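# An overview of the molecular structure
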Amino acid sequence: MLKIDNVTKSFGGLMAVHDVTFQLDDAGIAGLVGPNGSGKTTLFHLITGFYKLDRGIIHFNDKRISGLAPYVISRMGLVRTFQQTRVLPFLSALENLMAASPRQTGERISSVFFQPRRVKLEERKNRQKAMQILELLKLKPFDQHLAGRLSFGQQKLLELGRVLMAKPKMILLDEPTAGINPTLIRQLVDVIRELARRGIQVFMIEHNMPLVAEICEKVFVMDSGSLIFSGTPSETRQNPRVIEAYLGSEDHVA
Amino acid sequence: MDYLLHIFIVSLIYAIFAISLNLELGFTGLYNFGHVAFFGIGAYTSALLSLAGYPVTLGMVCGMAVAGGAGVLLAIPALRLSGDYFGIATLSFGEIIRLFFLNERWLTKGPMGLPGISRPAWIGEGVTGLPRFLIFCTLLTLLVFLVVRHLTRSPFGRALKVIREDEFVAQAFGKNTLFFKIRAVAVGSILAGLAGSLWAHYISYISPADFTLTETILVLLCVVLGGRGTHWGPVLGAFVVIFFQEIIRFVPIPADFGRFVAPIQGMVYGAVLIIFMLKRPEGLLPEYKE
């Protein structure tokens, strides 16, 4: 589904992502782990077109996506979230979701004035879908609240809901559980699993290793810009290189 | 009485001008500091065509079209710059257009300006035409108001707000942000062109001195004072600012100090603009209720 070949990106002298090659095929939920600064988020930026790669090719469903604009990649069904919560603070929760729907007829000025009925009908469907998602996220009572006024955890959920609106084939989640309380983590995990059940490939950056072990079928490990390991969660935890990357080598410890 | 009609007409023209800027500034988050250029382009296009003997209506439509075209031509390169740099590019565009009016004498008669611009025949010239011109302006303002309200309440308008709030999120959700912004500037410029051509046909004389940075600040003040991103804000702002401007005429000022009035007025506008941006950025009519 997602095929990454020899992808390299450097910022000045810093090699942020170095010659990364891997393939992700219908694995349900896959995790991307690694110490801070190992290039995980940079890799996400490269996949989704927010950064231009120095070298390498990325394919999504056998189509080359490297070099395309972010909005084009998103329309192909590869949708991401951001590491910091980025809800649209001055739009309501409902509007946050409705805006995320792709290819709306009413986004063309001519349609707004000359096809009002079609736009209205589409808006109604869009609103229904958004309300269903709000229900799934248990955010329905807050539909008219400004997104900026929701709690941090609710904003995280709303971001996930926004991704759902975009009818994705694959989603990239950048630390979806960072900084939220255990109860909400459970709720978030339920939603992520629900997505996978609906056939959406999930690829998530996550630091919470027990959580990764619990929900991911496959784990990719990065360190200093390189992919150092890929396998099942239990293999990952036993791999000496992974342990070294996380804890430092014995030389350093001594 | 006629004077009151005059104030209302000018307020309405500024209301259209402010609504057009609000589409860019309030809804899309684009700090266009050269918006007066499109007002001027609309005014000059319409004036030149009607002076050449074409019907006023045709002149106004062409004024809107040329202003819109100029808007797109500016937007395509300028929108590659982000935030403040877009503001600087538009600021210089406003100056460039003013200098064009000043220096291309074969077309614009330079600093002499263009006198004798006629009104639509059914309105009539001079003071007798004021009530009908007021009706004309009211209808057009209403039309512009409704068009912009309809547009900003549509999914198109929602996408503009998404871009205003977070451009990266907009891109992550498949919005071609550059294209949205170009269209916002195009519509804004067309409507500013309409306001400009109304101005030309109302005042009947235009010169490059009418389209300076002062006018940009004035219309900016209308939008910020009234309430960015709202439907009524720019209209209210335009009336408040224009009425304030006219009331100053009645303040008894000793003849010796007369020459200070204009600069002080400019300072007051600037100060009010800064105070509002700092202390009440949402304006008189806030976009969101608590």
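Above this text sits the structure in question.
Small disclaimer: the values here were computed from a predicted structure and weren't measured.

### Brief notes about the overall build of chain A
Scanning chain A from terminus to terminus reveals eleven helices and ten strands. Relative to the compact-globule value of 18 Å for 254 residues, chain A shows a C-alpha radius of gyration of 19 Å, a close match. Seen along its three principal axes, the alpha-carbon backbone of chain A occupies a region of about 70 × 40 × 30 Å. The 254 residues of chain A split such that 43% are buried. Of all intrachain contacts in chain A linking residues separated by at least 6 positions in sequence, the fraction that spans at least 24 positions is 67%.

### Remarks on helix H4 (residues 84-103) of chain B
All names here are of chain B. For H4, with 20 residues, the first-to-last C-alpha span of 29 Å sits near the 28 Å given by 1.5 Å per residue. Of the residues making up H4, those classed as buried are Phe86, Thr90, Phe93, Gly94, Ile97, Arg98 and Phe101. Buried residues along H4 cover an arc of 130° about the axis, so they all sit on one side. Exposed side of H4, more than 90 degrees from the buried face: Asp84, Tyr85, Ile96 and Leu99 are the residues found there.

### A look at helix H9 (residues 177-203) of chain B
All names here are of chain B. If you check H9, its first and last C-alpha atoms are 39 Å apart, about what 27 residues at 1.5 Å a residue would give, namely 39 Å. Most of H9 sits out of view: 23 of its 27 residues are buried. The positive-phi residue at the C-terminal boundary of H9 is Ser204, with phi of around 70°.

### Focus: the interface of chain A and chain B
Contact with chain A, which involves 26 residues of that partner, is made by 20 residues of chain B. Those elements that place two or more of their residues in the side of chain A that touches chain B are helix H2 (70-75), strand E6 (78-80), helix H3 (93-99), helix H4 (109-114) and helix H5 (116-136) of chain A. Counting residues per element, the side of chain A that touches chain B draws most heavily on H2(A), which supplies four residues. Taken together, the residues that form the side of chain A that touches chain B break down as 16 nonpolar, four polar and six charged.

### Regarding the sheet that holds strand E10 (residues 226-231) of chain A
All names here are of chain A. Taken in spatial order, the six strands make up an open sheet running E6-E7-E8-E3-E9-E10, and their pairing is mixed. Edge positions in the sheet fall to E6 and E10, since each of these pairs with one other strand and no more. Strand-to-strand twist of the sheet, defined as the mean angle between neighbouring strand axes without regard to direction, takes the value 20°. Sheet topology note: the strand E3 (residues 29-33)/strand E8 (residues 201-205) ladder contains four bridges and is parallel. Looking at E8, one finds that Gly31 is bridged to Met204. Contacting E3, strand E7 (170-174) and E8, helix H7 (residues 182-197) runs over the sheet at an angle of about 145° to E8.

### Remarks on the environment of B:Tyr14
Residue and element names in this part refer to chain B. Examined against the element boundaries, Tyr14 turns out to sit in helix H1 (residues 2-27). Taking C-alpha positions, Tyr14 is 9.1 Å from Leu218, a pair spaced 204 residues apart along the chain. Setting aside anything within four residues of it in sequence, one finds Tyr14 in contact with Val219, Cys222, Ala238 and Ile242.

### Here we look at the environment of A:Val242
All names here are of chain A. Looking at where Val242 falls in the secondary structure, it is placed in helix H10 (residues 240-247). The buried category is assigned to Val242, around which 20 C-beta atoms lie within 10 Å. Not counting the four nearest positions on each side in its chain, Val242 is found in contact with Val221, Ile228, Phe229 and Thr236.

### Some remarks on the pairing of E10(A)
Residue and element names in this part refer to chain A. With five bridges joining them, strand E9 (residues 218-223) and E10 adopt antiparallel strand pairing. Note on E10: the bridge partner recorded for Met222 is Leu227. Where E9 folds back onto E10 in an antiparallel hairpin, the turn is made up of two residues, including Ser224, whose phi is positive at roughly 45°.

Rules behind the numbers
Residues numbered from 1 in each chain as written. Chains lettered and ligands numbered in written order. Predicted model: local features only at pLDDT ≥ 70, side-chain atom pairs only at ≥ 80, totals over all residues. Helix = DSSP H or I, 4+ residues; strand = E, 2+ residues; numbered from the N terminus. Rg over C-alpha atoms; globule rule 2.2 N^0.38 Å. Buried ≥ 20, exposed ≤ 12 C-beta atoms within 10 Å, placed from the backbone. Contact = placed C-beta atoms within 7 Å. Expected span 1.5 Å × (residues − 1). Arc of directions from axis to C-beta. Nonpolar A, V, L, I, M, F, W, Y, C, P; charged D, E, K, R; others polar. Pairing = 2+ DSSP bridges. Axes fitted to C-alpha atoms, helices over the stretch in contact; angles between N-to-C directions.

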